[in-house]
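# Tertiary structure, described
Listed below are the residues making up each chain.
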Amino acid sequence: MADRSRTLKGGALPLPKLISTMHTMMWLTMALLSPVDTEFTTHPMLFYDAEKVPSLIQNSRTTHTRVSSILQTVARTMIKEKNHYLPSTNYEKFGSHWNEVYGNNLAALAMYCVLYPEDYEAREFAFNFMDNMVTLPKWQVISIPEDEVPVAHSLTGFTTAFDFLYPVMDEKRRSSYLKRITDVTRDFYQLSKIRSWGSQYLQNHVATNYLALLHGSLVVSLHSPEAHTWIAHARKNFEKTMVLLNHIIDGTLDEGVAYGSYTARSVTQYVYLALRHFGVDHRQDLWLKEHYWFYYNTVLPNFQRTVGIADSNNNWFYGPESQLVFLDSFVLRNGHGNWLAEEIRRHRVTQPKNKLAPSESQRWCTLHTEFLWYDPTLTPTAPAKSGKPNLHVFSDWGVVTYSRVAPKYRDDTFLAFKSGKMHGRGIFDVVQRNMYSSWVNKWRSFNPGHEHPDQNMFVFAPNGQLFISDGLYGPKYTYLNNVLVFSPSPTSRCFNPWEGQLGECAKWLGWRLKESEKYGGDLITASSSNGMVHVSGEARDSYHPAMRLNSVYRSLVLLTPNVLVVLDHIETQTTSPLTHAAAFFHNVEAVFKQARLREMYGAKAVIKNLEYKMFWVTPEGQSPRAFVSKQSHPSEFQKRETNFVNVTMKLRPRVTRMAYVFVGPSETVLDMGFLESKENGVSLQLEMANMEYRITMATKHNDPVARQQYLGYPGYVVVRRGKRIVKFGINTTLDAANFNSKPIKKSDNITKMSLFLLAVMLGLVLLYFTKRNNRIKITKRKNIIIIVVIFTCLITLSRYGLECQNASCLPLIGTPELQVGQKELKIPKSVLSLPSVVITSLPGAGSEILGWLFYYNPDFLHLKVPSDLIQLPEIEKASINPFADACVWTEKEVSRFPSFASRIKMLRWSRHEIFGGRKKKSRKLMMWNETNEQLDSNRDDQSGSQMRNLLAAKTGEASAKKPEEVNYKFYTDDDLINHESEFPNAQSILHFQSGSWGLKLQWLQSVLGDTLRSLYVARDPRAWVANFLRDDMKLYDSMNVAQHIQSLTQQQQHHASCSYNALDSAMYKTLRPTPHKLLATLWAAHTDKMLTSVMKLGKRYRVVKYEDLVKSPRSMADHIYKFIGFPLPPSMEQQLVQAAHSGVVLNPHEGVIRPSSLNIWKTELTSSQIQDIEAICSHAMKELEYKPMETKS
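This report concerns the structure included in the present document. (Residues numbered from 1 in each chain as written. Predicted model: local features only at pLDDT ≥ 70, side-chain atom pairs only at ≥ 80, totals over all residues. Heavy atoms only, no water.)

## Here we look at the overall build of the protein
Within the protein, the regular secondary structure consists of 38 helices and 33 strands. Of the contacts made within the protein by residues no fewer than 6 positions apart, 73% connect residues no fewer than 24 positions apart. (Helix = DSSP H or I, 4+ residues; strand = E, 2+ residues; numbered from the N terminus. Contact = heavy atoms within 4.5 Å.)

Pasting the structure below:
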């Protein structure tokens, strides 16, 4: 027992029978949930055992003095003011108010008594405290008897104190205390069956109540077997919670930082208790790994405030020092958690009346766990990015923050923006796809009531001072957030005729309303470059459909730490009833006053004797006068005031725009106006005292062609600052002299320059010979000048020629006219200049995961070629082996296969020829079909569920959990067709299913032009071979691999260019009896030949390792989009990370995708098989940096 406690304290040593649950779905863990006897036989046992007490006492005098000194202050304060801190024995008084404070304080007091056993006064005070609690008939708040949350705090604190102080407790107290714990815990168990919190997840009240149930159950289990049923029930809910948390790939919680710290208090305690008592290890869960950044990137520069998204009270409710030291001790092990906890503690406001001080009810609640979890061997260490400007994207939450977190930058700028789905993308996806239909009942299983109607809101704190702030805790009115409201709306529920976002008008967000089911915004882009930031969001779906809004797009550009430009772009349908919009901007502390700059109206706030100003203007030069005001509204148990600016504008037909500039005291704005306002975007000019800016923004954010046409590249914003140009989204900086806002193809410039230089040379040569023929004497000096000029022209031409080879300046497909059958389709140059993305791989390599980097992206349409929807022409002389062949097609073959070329061009540039008139299909895309052949004759009759069961069975996944419990994510025919219809300018991505296409990229370049961007997905040959041999070679046989390899070796006899050096007919016959060698030989031969052939593509190809996509999806997503030349949407990053880590996406050849399965080949292959594969594939493995397995000596 003692050894086990020491293991837990260190946080890094493994327990004997720990079960990793990071990537094991809930149903594997649920098999462990049957009641079992705990190995502990006496108290204390919750967080530590009796043998640990001496070391805890020693730590309090040495390594843990920072926390133990606070515990001493707690005890002295409570004893000194007994009447204030002791719970009343009069229930009318005790239950007259929200009374969580008693349970919260009791745990800290008990911890002090353990660490300082010589303080008998404190111990007696603790017992008096508990005696009073037992004397009370019940612990409910009288006015809200059906709310168990305050009781949960009492139960948790009381149970913790009982466990800690049990050794020094007399038998009478032990008996009476245990009886109360048992009675209340039994009530909690029974109430969990009928209360809504009992069947909900990821909400602060739910986590708090179940933590209380678990605490009580564990303690009672030493005395009554009845408690084992309660333990199993609490564990069941928490394990489901952990499953859902791993859908939230950015470590956030939808209720914001304040209530998020509340929920995290319970989650971290559960993770610890599950590890200690049940041997269930969640320490490697993705959510826990990312949760640190939820605290780090949301704290304002002074370490005293946090971003107040959702209901908030300026900063954290519980902790977060306890959560941070837990993360450091058990998850991170790098000192980051200790550092941030130390900085927060050091900068804490302690004056009780200060609004930044922690609440009296919550300030001591987590001190005992902070003490127990703190690991002094982890030296407080700031993250590497501390002190550097950092743009952090919470892609699931839909929030972006920009700051540099470091103590010496307390007056630095903080910027935050939010445009996200209700409850975050991960849970929104769970609900919409009904992923866990047996235990998640759509939105009834969640409670996002603390969220705000705040999509497209932002917070701006130049110099660390809140200029535009959050609305904080309050009623859910849209106008209390920094967003837009509209009028007149036919569906207004409050403030008629004005209406804001869905779910407003009550104390809690109305998430249960039918129209709110798909509520949410969309974070479009977030990028930084040259000290500037651009972020934007679309909030159309946050408003009622009856408003008939096509777009509510907000784009922010931070030009300097003190200058922020905001553009609101509103598009209405012709039948929209709306006539006006109003933008609100808040400050919960400073009063706004009217301001004026020339013809522009504005507002200003004085903060610490310095003026912060804002101005606004429309493209028509109008600047409506704002309404500035102050109001108070209910917040928790008090009133909260806010000051706001209301800018109301009249909506124009179809498109309305308004630009704002927010300026800190170190900057002076001289003028701002629109230079142009066109269909696809706007151009603004901002004149500051020390710099002029020209900001060009694309407003059709979901149309890559429109962005390309307006900006000259498929990004979102171009900023001209003095003589420098910054193109956001692809991190490019140019000289202003070399930039034109209109799209000019580089080939045009190079061609014109080449013709000019050629004309100069010809003119000089003609002049020379003319003078010679006319016997005109040419001086030696003139001869030298002519020779130098001609030589210079030749060098320049050669340089342009080289640049032409590397910069997409050759004709893309011969001419801009696309020949498809008998039709000639003219494609605009702006479209032809966009990249043509091609994905190839060997079947079974796992390239399907790349689809989740492009699905649902308005910029792209991911096409599998061939598939159920898309077929390639069958031509005998151009047959493609559906598995793989050795034929390398070069640019010389482009004229040989016109049907193929025509089909490829049609897929890339003229999809409507294929999709036109296509009806929606309901069945799933059969991603299994790598060979475009049927697995069996009844395949078309297989349902999606049957296919998923088959896939799961191939790796034993079916035995690990019930397949019907998880509805895995699939991209369906309906999804594809609907996406193509909604986004007609989405650029086709051709994902070839046959491995043969990996050797035909030169030919594809000649067809698609130099805009080709090829991604080849490689796989470790040992894992690739293991995929085919798994489960008695089911995949090997079902895909007829041996027959395909035999076919390609026979093809070599007739076509010299279609040969593998290491694989011919004779070798095939030799290797056929040993499938692992045959597969390895094919992998090696194909990979070697592919790597050789793609060298001619220059920088137009990338080899992407499947292992990198699964282990490091964030960085790989960023690298791939940079290679393509497109901005990476946060939603696409979220999709790929979720596909790689959340266990909800199936790889067609190996079941659920998860990092832990990457090395499963080590247990599936024998040592001799591994050695054979490594020997055969050694050359290509070295090229791709796959290391051979170390052999045991």
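## Describing the nonpolar core
Leu 165, Tyr 436, Leu 853, Trp 1003 and Trp 1024 are the most contacted members of the largest nonpolar core, which totals 265 residues. At 11 residues, the largest contribution of residues to this core is made by helix H7 (residues 100-115). Membership of the second largest hydrophobic core comes to 46 residues, among which are Phe 486, Tyr 601, Ile 607 and Met 649. (Core = buried A, V, L, I, M, F, W, Y, C linked by side-chain atoms within 4.5 Å. Buried < 20%, exposed > 50% of the residue type's maximum accessible area, 1.4 Å probe, protein only.)

## Things to note about the packing of aromatic side chains
Within this structure, the stated rule accounts for 67 aromatic pairs. Connected via pairs of aromatic rings, a cluster forms that spans Phe 47, Tyr 48, Phe 164, Tyr 272, Phe 326, Phe 330 and Trp 373. The ring of Tyr 601 has Arg 596 sitting right over it, with the charged end atom 4.1 Å from the ring centre. (Phe/Tyr/Trp six-rings, centres within 6.5 Å; stacked < 30°, edge-to-face > 60°. Lys NZ or Arg CZ within 6 Å of the ring centre and 35° of its normal.)

## Regarding the environment of Asp 328
Among the structural elements, Asp 328 can be located in helix H15 (residues 321-332). Counting along the chain gives 11 residues from Asp 328 to Trp 339, while the straight-line C-alpha distance between them is 9.4 Å. Apart from residues lying up to four places away in sequence, Asp 328 is in contact with Arg 333, Asn 334, Gly 335, His 336, Gly 337, Asn 338 and Leu 378.

## Here we look at the sheet that holds strand S28 (residues 860-865)
Taken in spatial order, the five strands of this open sheet run S28-S29-S27-S30-S31, and their pairing is parallel. Lying at the two open borders of the sheet, with one neighbouring strand each, are S28 and strand S31 (1101-1105). Strand after strand, the sheet turns through a mean of 20° between neighbouring axes, direction not considered. Sheet topology places strand S27 (residues 836-841) next to strand S30 (residues 1012-1018); six bridges connect them, and they run parallel. Across the sheet, Ile 839 pairs through a bridge with Leu 1015, a residue of S30. Sitting on the sheet, helix H34 (residues 1113-1124) touches S27, S28, S30 and S31, and the angle it makes with S30 is about 150°. (Pairing = 2+ DSSP bridges. Axes fitted to C-alpha atoms, helices over the stretch in contact; angles between N-to-C directions.)

## Section: the sheet that holds strand S3 (residues 390-394)
Ordered in space as S3-S4-S5-S6, the four strands form an open sheet in which the pairing is antiparallel. Of all strands in the sheet, those with a lone pairing partner are S3 and strand S6 (457-461), marking the two edges. Across the sheet, the axes of successive neighbouring strands diverge by a mean angle of 10°, strand direction being ignored.

## Examining the side chain of Gln 140
Along the chain, Gln 140 falls in the loop between helix H8 (120-135) and helix H9 (149-165). Using a relative accessible area of 18% as the deciding quantity, one classes Gln 140 as buried. Setting aside residues no more than four positions away along its own chain, Gln 140 makes contact with Tyr 91, Gly 95, Asn 99, Pro 145 and Val 151.

## Quick look at the state of the cysteines
Taken as a whole, this structure holds two disulfides when the rule is applied. The partner cysteine of Cys 494 in its disulfide is Cys 505, sulfur to sulfur 2.0 Å. Between Cys 494 and Cys 505 the sulfur-sulfur dihedral comes to about -75°; the bridge is accordingly left-handed. Linking Cys 494 in the loop between strand S7 (484-487) and strand S8 (522-529) with Cys 505 in the loop between S7 and S8, this pair joins segments that are 11 residues apart in sequence. Looking at Cys 505, the relative accessible area reads 21%, which means it is partly exposed. Covalent S-S linkage joins Cys 887 and Cys 1058, the inter-sulfur distance amounting to 1.9 Å. Across the S-S bond of Cys 887 and Cys 1058 the torsion is about 115°, and the bridge reads as right-handed. Here Cys 887 is found in the loop between S28 and helix H23 (898-909), whereas its partner Cys 1058 is found in the loop between helix H30 (1041-1052) and helix H31 (1065-1071), with 171 residues between them in sequence. (Disulfide = S-S within 2.5 Å.)

## Structural notes on the packing of helix H12 (residues 227-245) against helix H13 (residues 256-278)
Between H12 and H13, the shortest axis-to-axis distance is 11 Å and the interhelical angle comes to 120°. Considering their axes alone, H12 and H13 lie oblique with respect to each other. Two packed elements cross with a definite hand, and for H12 against H13 that hand is left-handed. Here H12 contributes Ile 231, Arg 235, Phe 238, Glu 239, Met 242 and Leu 245 to the contact with H13, which in turn contributes Ser 266, Val 267, Tyr 270, Val 271 and Phe 278. For the contact of H12 with H13, the per-class residue count stands at eight nonpolar, one polar and two charged. (Parallel < 35°, antiparallel > 145°, perpendicular 65-115°, else oblique. Left-handed = near helix turned anticlockwise from the far one by under 90°. Nonpolar A, V, L, I, M, F, W, Y, C, P; charged D, E, K, R; others polar.)

## Examining unusual backbone geometry
In this chain, His 43 is followed by Pro 44 through a cis amide linkage whose omega measures 0°. With respect to the secondary-structure elements, Pro 44 resides in the loop between helix H2 (26-30) and helix H3 (53-61). With an omega of -10°, the peptide bond between Ser 487 and Pro 488 qualifies as cis. Its place among the elements puts Pro 488 in the loop between S7 and S8. With a phi angle near 80°, Asn 314 is a residue other than glycine that sits in the positive phi range. Looking at where Asn 314 falls in the secondary structure, it is placed in the loop between helix H14 (286-296) and H15. By relative accessible area, Asn 314 is classed as buried at 7%. Positive phi, close to 70°, is recorded for Tyr 856, a residue that is not glycine.

## Observations concerning the pattern of salt bridges
Tallying each qualifying case throughout the model produces 51 salt bridges. Here Arg 186 ties to Glu 226 by a salt bridge, and the two come within 2.9 Å at their closest N and O atoms. With Arg 186 in helix H10 (residues 171-191) and Glu 226 in the loop between helix H11 (204-220) and H12, this residue pair connects regions lying 40 residues apart in the sequence. Each member of the salt-bridge network shares a partner with another, and the members are Arg 66, Glu 321, Arg 345, Arg 348 and Glu 370. (Salt bridge = Lys/Arg side-chain N within 4 Å of Asp/Glu carboxyl O.)

## Concerning helix H29 (residues 1021-1038)
Residues three or four positions apart in an α-helix share a direction because the helix packs 3.6 residues into each turn. Across its 18 residues, H29 extends only 20 Å between first and last C-alpha, which sits more than 12% below the 26 Å expected from 1.5 Å per residue. The largest bend along H29 measures about 125° and falls at Asp 1032. By the burial criterion, the buried members of H29 are Pro 1021, Arg 1022, Ala 1023, Trp 1024, Val 1025, Ala 1026, Asn 1027, Phe 1028, Leu 1029, Arg 1030, Leu 1035 and Tyr 1036. (Expected span 1.5 Å × (residues − 1). Bend = angle between axes of the 7 residues up to and from the residue.)

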